[in-house]
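Overview (structure and organization)
So the chains spell out like this:
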Amino acid sequence: MDLRDSGERHISWAARSMPVLMAIGARFELERPLDGLRIAACLHVTAETAVLMGALKAGGAQIALAASNPLSTQDDVAEALREYGIGVHARAGVDRATYYRHIHQALDLEPDLVLDDGCDLVNILHTERTDLLDGVSGGCEETTTGIIRLRQMAAENALRFPVVAVNDTRTKRMFDNRYGTGQSTLDGIMRATNTMLAGRTVVVAGFGFCGRGVAERAKGLGARVVVTEIDAVKALDATLQGYEVRPMAEAAAVGDLFITVTGNRDVIRAEHLAAMKDGAILANAGHFDVEIDVRALDELAEEVRRGVRANTDEYVLADGRRLLLLAEGRLVNLTAAEGHPAAVMDMSFSAQALAVAWLAGERERMAPGVYDVPEEIDHEVARLKLAAAGIGIDTLTGEQEDYLHSWRVGS
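An account of the accompanying structure is given in this report. (Residues numbered from 1 in each chain as written. Predicted model: local features only at pLDDT ≥ 70, side-chain atom pairs only at ≥ 80, totals over all residues. Heavy atoms only, no water.)

Structural notes on the sheet that holds strand S14 (residues 322–326)
Taking strand neighbours across the sheet as the criterion, the eight strands line up as S9-S8-S7-S10-S11-S14-S13-S12 in an open arrangement whose pairing is mixed. Edge strands, defined here as strands with exactly one partner in the open sheet, are strand S9 (244–245) and strand S12 (301–309). Of the pairings in the sheet, the one linking strand S7 (residues 201–205) to strand S8 (residues 224–228) comprises five bridges and is parallel in character. Within S8, the residue paired with Ala205 across the bridge is Thr228. On top of the sheet, helix H8 (residues 170–193) reaches strand S10 (257–260), strand S11 (281–284), S12, strand S13 (312–317) and S14; it is set at about 140° to S10, its chief contact. Lying over the sheet, helix H9 (residues 209–220) contacts S7, S8 and S10, oriented at roughly 170° with respect to S7. (Pairing = 2+ DSSP bridges. Helix = DSSP H or I, 4+ residues; strand = E, 2+ residues; numbered from the N terminus. Contact = heavy atoms within 4.5 Å. Axes fitted to C-alpha atoms, helices over the stretch in contact; angles between N-to-C directions.)

Regarding the side chain of Asn177
Mapped onto the secondary structure, Asn177 falls in helix H8. By relative accessible area, Asn177 is classed as buried at 4%. Side chain to side chain, Asn177 and Lys172 meet in a polar contact 2.8 Å long. (Buried < 20%, exposed > 50% of the residue type's maximum accessible area, 1.4 Å probe, protein only. Polar contact = N/O pair within 3.5 Å; in protein donor to acceptor, adjacent residues only side chain to side chain.)

Digging into the pairing of strand S6 (residues 162–165)
Burial along S6 is two-sided: Pro162 and Val164 facing one way and Val163 and Ala165 facing the other are all buried. One ladder, built from three bridges, connects strand S5 (residues 138–141) with S6; its direction is parallel. Within S6, the residue paired with Glu141 across the bridge is Ala165. Of the strand pairs in this sheet, S6 and strand S15 (residues 369–372) are connected by four bridges, and their pairing is parallel. Within S15, the residue paired with Val163 across the bridge is Val370.

Comments concerning helix H15 (residues 342–362)
Its 21 residues place the ends of H15 29 Å apart at the C-alpha level, agreeing with the 30 Å of an ideal helix rising 1.5 Å per residue. By the criterion of burial, H15 is predominantly enclosed, with 17 of the 21 residues buried. (Expected span 1.5 Å × (residues − 1).)

Quick notes on the packing of helix H3 (residues 47–58) against H15
Contact geometry of H3 with H15 gives a least axis separation of 10 Å together with a crossing angle of 30°. The orientation of H3 relative to H15 falls into the category roughly parallel. Regarding H3 and H15, the two cross each other, and that crossing is right-handed. Residues Glu48, Thr49, Leu52 and Leu56 of H3 lie in contact with H15, whose contacting residues are Ala342, Met345, Phe349, Gln352, Ala353 and Val356. Split into classes, the residues belonging to the contact of H3 with H15 amount to seven nonpolar, two polar and one charged. (Parallel < 35°, antiparallel > 145°, perpendicular 65-115°, else oblique. Left-handed = near helix turned anticlockwise from the far one by under 90°. Nonpolar A, V, L, I, M, F, W, Y, C, P; charged D, E, K, R; others polar.)

Examining the pairing of strand S1 (residues 38–43)
With five of six residues buried, S1 is to be regarded as a mostly interior element. Where S1 meets strand S2 (residues 62–67), six bridges bridge the pair, whose relative direction is parallel. Within the sheet, the bridge partner assigned to Arg38 lies in S2 and is Gln62. Inspection of the sheet shows S1 paired to strand S4 (residues 113–116) by four bridges, in the parallel sense. If you follow Ile39 over to S4, its bridge partner there is Leu113.

A word on the pattern of salt bridges
This structure, assessed with the given rule, holds 34 salt bridges. Of the charged contacts in the structure, one is a salt bridge between Arg129 and Asp131, with a shortest N-O distance of 4.0 Å. Its relative accessible area of 58% is what places Asp131 among the exposed residues. Between Arg224 and Glu244 there is a salt bridge, and its shortest N-O distance comes to 2.8 Å. Of the two residues, Arg224 sits in strand S8 while Glu244 sits in strand S9, which places them 20 residues apart along the sequence. When salt bridges with common partners are traced through the structure, they connect Arg27, Glu31 and Glu380 into a single cluster. (Salt bridge = Lys/Arg side-chain N within 4 Å of Asp/Glu carboxyl O.)

A closer look at the nonpolar core
Ranked by internal contacts, the top residues of the largest apolar core, which has 53 residues, are Met53, Leu56, Leu81 and Leu115. At 12 residues, H15 tops the list of elements feeding residues into this core. Ignoring anything within four residues of it in the chain, the contact list for Leu81 reads Val45, Ala50, Met53, Leu65, Ile86 and Val88. With 27 residues, the next largest nonpolar core counts Ala66, Leu107, Cys119 and Val370 among its residues. (Core = buried A, V, L, I, M, F, W, Y, C linked by side-chain atoms within 4.5 Å.)

Below you can see the structure in the form of structure tokens.
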């Protein structure tokens, strides 16, 4: 009872900062765009996700939810969701086998639509639960890592149903990835370590929207920021924004705090770990726990001191240097903190809800593949968010419309 009450309070608090999604939920309750549909979801089980689940349920959907990360589940929220009539298969701190068992349990719903965050659920559908594929007519993917996997599946003609790339909307990339990841990542690091960033050297691996947000927030707190990149255009962008750009082989020796946010594996490897300062902190903000080579860290360590602080493990190397790994190398913002602020998730999950409703109506006419969210959904979310904040914007006059659509008018 205490756990459920705590979850309800957390969900209610998040809902205060999610006016767009709440309005969409009220609209769904009247229109019922998801009536009779079964949805299996693999998402971070947080208070913000609970508000999304409420909107989809109001639209008529039957839902089974598994966690998209073994450490990110908020147990009180999971318990409250069960009381709301949503099947939740998630618990904080489970091992890898239990994590995948929970995804299988969500798929036991025999879904019509799927929602994924990282592509684990879709991957299992295509490898271990192929008996369910004929019944799945579409899905949505929430994160960059998942989109990378899905596009590869599509390129190999392995993807069996249409998937909407919710991650690729402008409202998601510009605000969730940049401002949400930037703030929540540093929030998690400071909760786990109580470290001061001012005057420290922070190495940010990857300068996409997420990495840019992390770098901006670290710089704003007074850190010296070094960026590592493999993309020349992004590296140039970082340089022109005033960041120092180095290869990881050079950055390893100067960094006090390392934050990986690339979507790729082995960004920090054994040779980098061997060059790091005593007391260097390692944190990952990419979706999977593969960006920091934790196995190499284990092999280098003479001793591992677990839990020197909550979500902080200390690895003592043969020469006495100590390296601090946060959240076992998993998503630091959702393990050591609470993930993105609700106000940011309001936009991402509103786009998700509208994309699900759109997909429900269009799925029978769509071939397997990865699809962009219709632009009008992105604009609707932005308009609703501005309206909720009491912000007005200009509109084009008739003459301006004509000018923009004419090639005959010159200087």
